[in-house]
Amino acid sequence: MRDVAVVGIGMTSFGELWRTPLRSLWAEAALAALDDAGLDSVDLITIGCMSSGLFTGQEHLASLLADELGMAGVPAARVESACASGGLAVRTGFAEVASGLSDTVLVTGVEKMTDVDGADSTYALGTAADAEWEGFHGITFPGLYAMLARVHMQQYGTTREQLAMVAVKNHANGLLNRHAQYHLKVDVEGVLGSTLVADPLRLFDCSPVTDGAAAVVLTTVERARELQPDRPPVVITGSGLATDTITIANRGSLAALNAVKLAGERAYAMAGRTPEDIHLAEVHDCFTIAEIMATEALGFFEPGQGGPAVENGLTALGGKIPVNTSGGLKSKGHPVGATGVAQVFEITNQLRGEAGQRQVEGARIGMAQNMGGSGGSSVVHILEVV
Amino acid sequence: MFSPARAWREFPQRYRLEAEKCASCGAIHYPPRLVCAECGAREFTAVVLPRDGKVVTFTIVRVPPAGFTEQSPLSIALVELSNGVRIMVQIGDVEDPESIEIGMPVRLEFRRVSSDGEAGVIFYGHKAVRAAS
């Protein structure tokens with residue numbers, strides 16, 4: 001396999017962007033990444049998008065979006081793995097460059113979620129669960145994670161306050177990110193006083209409905225050095241992909257995320273790294289409990305210690321391993337198909353040392369963990385400055 | 001999505017709780033599969049699920065999806081039946097959702113599950129109700 005570098009990054013601001021259609025969101029991020037890379041053509045475009053059909057009535061994004069960039073003719077492929085679609089687009093681009101099938105790939109993610117009302121967006125997101133055997137009964141995504149949270153709290157003693165502290169931390173980080181949907185300081189009381197969505201999860205335990213797009217350009221390390229001689233390449237050293245049962249009914253344990261564990265192990269093995277080597281991580285905090293469970297599954301903390309870790313500040317900026325310096329899905333926003341690509345944007349920005357006020361000093365090795373459904377799929381990437 | 005054809009083909013599982021037991025390892029699958037997820041065998045015999053079980057975990061959905069907005073709040077549980085099979089169901093007849101707890105004994109009863117879909121079909125299935133412990 002060839003070594004693969006991130007040579008360009010771009011993203012839109014995330015938010016309720018009612019003026020902007022999906023194609024323009026996408027093109028803004030794509031052009032920013034191409035400009036950052038110093039390229040005006042690529043061998044392939046990959047597009048992570050969960051459900052443009054249900055959210056906007058538009059499928060066939062490969063043609064629509066290549067055309068939007070004036071690149072009709074270029075190979076393009078949309079990939080889907082629910083909320084892990086963006087991570088899967090990164091993985092697909094990585095495989096293309098590593099294998100030699102493509103030399104440069106424009107990896108993108110996009111979701112336009114605010115063209116439908118709340119009940120319809122809840123329904124669209126719910127299709128990431130088993131539509132026939134879970135969705136039939138009216139369960140929602142907050143509901144599924146609420147069920148996991150209840151088991152985690154009973155099994156490990158994870159507290160309601162510890163869940164709230166994830167939101168407090170990520171909103172504090174989001175204050176430092178100009179791309180974030182919310183620039184809003186919240187405290188534990190504010191989270192605990194917010195509306196119940198699915199007991200025990202409240203509004204401030206949930207990532208929002210968001211419009212947005214993100215893009216990264218991947219190429220070989222050699223080409224990256226040619227394009228950007230003054231910038232040390234950020235290399236993808238590990239890539240892991242895994243699935244779990246789609247229904248939580250068929251899981252061995254409800255207190256662990258096995259797809260995240262497997263994807264993490266595969267990425268660590270490829271990179272020759274261990275959890276202790278990682279300087280910072282973007283993890284999939286679609287709900288506060290998800291961040292706690294992800295940090296355990298990735299081996300940063302023992303099972304059951306994710307809650308105490310956030311309480312003790314280990315995952316805050318300046319802590320043992322800063323998690324979600326971008327604000328995470330919680331504060332930065334969660335345009336589902338874009339999220340996995342935006343995570344790689346953040347890690348690359350940090351490894352370049354260009355993250356401004358939220359910069360993790362001396363960061364050389366970072367991780368991005370993206371997840372679909374209630375943990376039914378996960379993609380993990382390890383990035384390093386070489 | 002919510003079509004008459006789908007409602008019709010799911011009658012055996014929704015109405016009669018039909019599952020399949022692997023002829024090789026005995027694992028019970030609901031809904032049926034073509035290959036056993038435990039051992040890989042492809043021979044099954046039909047079985048009917050028991051109706052008694054207990055709550056493994058649960059939530060109270062206060063922001064329901066399209067099709068369920070009239071029923072808010074919606075109590076939903078993962079129930080482990082007495083033969084070990086876990087199924088997701090609504091909890092019915094709950095006056096106080098806060099009184100639901102992990103381990104609560106329940107019994108499955110045949111109920112109307114959701115309001116008319118786009119095709120005007122009424123969806124029936126099973127809900128769990130509190131059973132005497």
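Residues numbered from 1 in each chain as written. Chains lettered and ligands numbered in written order. Predicted model: local features only at pLDDT ≥ 70, side-chain atom pairs only at ≥ 80, totals over all residues.

## Let's talk about the overall build of chain B
If you tally the helices and strands in chain B, you get 2 helices and 8 strands. Taken from N to C terminus, the helices and strands of chain B fall in the order α-α-β-β-β-β-β-β-β-β. Counting the 133 residues in chain B, one finds 33% classified as buried. (Helix = DSSP H or I, 4+ residues; strand = E, 2+ residues; numbered from the N terminus. Buried ≥ 20, exposed ≤ 12 C-beta atoms within 10 Å, placed from the backbone.)

## Looking at the overall build of chain A
When its secondary structure is counted, chain A shows 14 helices and 11 strands. Over its C-alpha trace chain A gives a radius of gyration of 19 Å, about what one expects of a compact globule, namely 21 Å for 386 residues. Once the C-alpha set of chain A is aligned to its principal axes, its extents read approximately 55 × 45 × 35 Å. Across the 386 residues of chain A, 63% fall into the buried class. (Rg over C-alpha atoms; globule rule 2.2 N^0.38 Å.)

## What about the packing of helix H4 (residues 85-99) of chain A against helix H14 (residues 336-351) of chain A?
All names here are of chain A. Relative to each other, H4 and H14 sit at 55°, their axes nearing to 5 Å. In terms of orientation, H4 and H14 fall into the oblique class. Along the contact surface, H4 presents Ser85, Gly86, Gly87, Leu88, Ala89 and Val90, while H14 presents Val336, Gly337, Ala338, Thr339, Gly340, Val341, Ala342 and Val344. Across the contact of H4 with H14, the residue classes break down as 8 nonpolar, 6 polar and no charged. (Axes fitted to C-alpha atoms, helices over the stretch in contact; angles between N-to-C directions. Parallel < 35°, antiparallel > 145°, perpendicular 65-115°, else oblique. Contact = placed C-beta atoms within 7 Å. Nonpolar A, V, L, I, M, F, W, Y, C, P; charged D, E, K, R; others polar.)

## Considerations on the interface of chain A and chain B
Contacts between chain A and chain B engage 25 residues on the former and 26 residues on the latter. A per-element tally of the side of chain A that touches chain B places helix H6 (residues 141-156) of chain A first, with 6 residues. When grouped by side-chain class, the residues that make up the side of chain A that touches chain B number 14 nonpolar, 7 polar and 4 charged.

## Quick word on the sheet that holds strand S9 (residues 280-282) of chain A
Residue and element names in this part refer to chain A. With respect to topology, 9 strands assemble into an open sheet ordered S3-S2-S4-S7-S1-S8-S11-S10-S9, the strand pairing being mixed. Strands at the two margins of the open sheet, each flanked by one partner only, are strand S3 (76-79) and S9. In this sheet, adjacent strand axes meet at a mean angle of 25° when their direction is disregarded. For strand S2 (residues 44-48) and strand S4 (residues 104-111), the ladder comprises 5 bridges, and the chain directions are parallel. Note on S4: the bridge partner recorded for Thr46 is Val107. Contacts from H14 reach strand S1 (4-11), S2, S4, strand S7 (212-220), strand S8 (234-243), S9, strand S10 (365-372) and strand S11 (377-385) within the one sheet, and its direction differs from that of S4 by about 125°. (Pairing = 2+ DSSP bridges.)

## Section: H6(A)
Residues and elements named next belong to chain A. With 16 residues, H6 should cover 22 Å at 1.5 Å per step; its first-to-last C-alpha distance of 22 Å lies within 8% of that length. Most of H6 sits out of view: 12 of its 16 residues are buried. Among all positions of H6, only Phe141, Pro142, Gly143, Leu144, Tyr145, Ala146, Met147, Leu148, Ala149, Arg150, Val151 and His152 are buried. Immediately beyond the C-terminal end of H6, within one or two residues, lies Gly157, with a positive phi of roughly 80°. (Expected span 1.5 Å × (residues − 1).)

## Considerations on the domain arrangement of chain A
Residues and elements named next belong to chain A. Looking at the assigned domains, one finds that chain A contains domain 1 (4-117 + 210-227) and domain 2 (126-206 + 238-385). Distance from the C-alpha centre of domain 1 to the C-alpha centre of domain 2: 22 Å. Contact with domain 1, which involves 36 residues of that partner, is made by 32 residues of domain 2. The element contributing the most residues to the side of domain 1 that touches domain 2 is H4, with 8 residues. (Domains from an automatic or database assignment.)

## Remarks on the sheet that holds strand S3 (residues 44-48) of chain B
Sheets are built from strands paired through backbone hydrogen bonds, the pairs being either parallel or antiparallel. Ordered in space as S2-S1-S3 (chain B), the 3 strands form an open sheet in which the pairing is antiparallel. With one partner strand each, in any of the chains shown, strand S2 (28-29) and S3 of chain B form the two edges of the open sheet.

## Observations concerning unusual backbone geometry
Most peptide bonds take the trans form, and the phi angle of most residues other than glycine is negative. Pro200(A) follows Asp199(A) through a cis peptide bond whose omega is 5°. Considering the arrangement of structural elements, one finds Pro200(A) in the loop between strand S5 (196-198) and strand S6 (201-202). Cis peptide bonds are those with omega within 30 degrees of zero, and the linkage from Ser72(B) to Pro73(B) qualifies with -5°. With respect to the element layout, Pro73(B) can be found in the loop between strand S4 (52-61) and strand S5 (74-81). Here Asn324(A), not a glycine, exhibits a phi torsion of approximately 60°, which is positive. Its place among the elements puts Asn324(A) in the loop between helix H12 (306-311) and helix H13 (328-332). Of note, Asp93(B) is a non-glycine position whose phi angle comes to about 60°, a positive value. Following the sequence through the fold, Asp93(B) ends up in the loop between strand S6 (86-90) and strand S7 (105-114).

## Some details on the packing of helix H1 (residues 22-37) of chain A against helix H3 (residues 61-68) of chain A
Residues and elements named next belong to chain A. In the contact formed by H1 and H3, the axes pass within 10 Å of each other and the chain directions differ by 60°. Here H3 runs oblique to H1, going by the angle between their axes. As for the relative orientation of H1 and H3, their crossing is right-handed in sense. Of the residues in H3, those touching H1 at Arg23, Trp26 and Ala27 are Leu64, Leu65 and Glu68. Counted by class, the contact of H1 with H3 contains 4 nonpolar, no polar and 2 charged residues. (Left-handed = near helix turned anticlockwise from the far one by under 90°.)

## Comments concerning the nonpolar core
For soluble globular proteins, nonpolar side chains are generally found buried alongside one another. All names here are of chain A. Ala215, Val216 and Val341 are the most contacted members of the largest nonpolar core, which has 158 residues in total. For this core, the element with the highest residue contribution is H1, accounting for 9 residues. Lining this core are residues from two domains, each supplying at least three of them: domain 1 (4-117 + 210-227) and domain 2 (126-206 + 238-385). Not counting residues within four places of it along the chain, the set of residues in contact with Val216 comprises Val6, Gly8, Ile9, Ala33, Val90, Val107, Val341, Val344, Phe345 and Thr348. (Core = buried A, V, L, I, M, F, W, Y, C linked by C-beta atoms within 7 Å.)

## Comments concerning the environment of Gly264(A)
Looking at the secondary structure, you find Gly264(A) in helix H10 (residues 258-271). Setting aside residues up to four positions removed in sequence, Gly264(A) forms contacts with Gly240(A), Ala297(A), Leu298(A), Gly299(A) and Val380(A).

## Some points on H4(A)
All names here are of chain A. For H4, which comprises 15 residues, the first-to-last C-alpha distance of 21 Å matches the rise-based estimate of 21 Å (1.5 Å per residue) to within 8%. Where burial is concerned, most of H4 is hidden: 12 out of the 15 residues are buried. Listed as buried for H4 are Ser85, Gly86, Gly87, Leu88, Ala89, Val90, Arg91, Thr92, Gly93, Phe94, Glu96 and Val97. Looking one or two places after H4, you find Gly100, whose phi comes out positive at around 90°.

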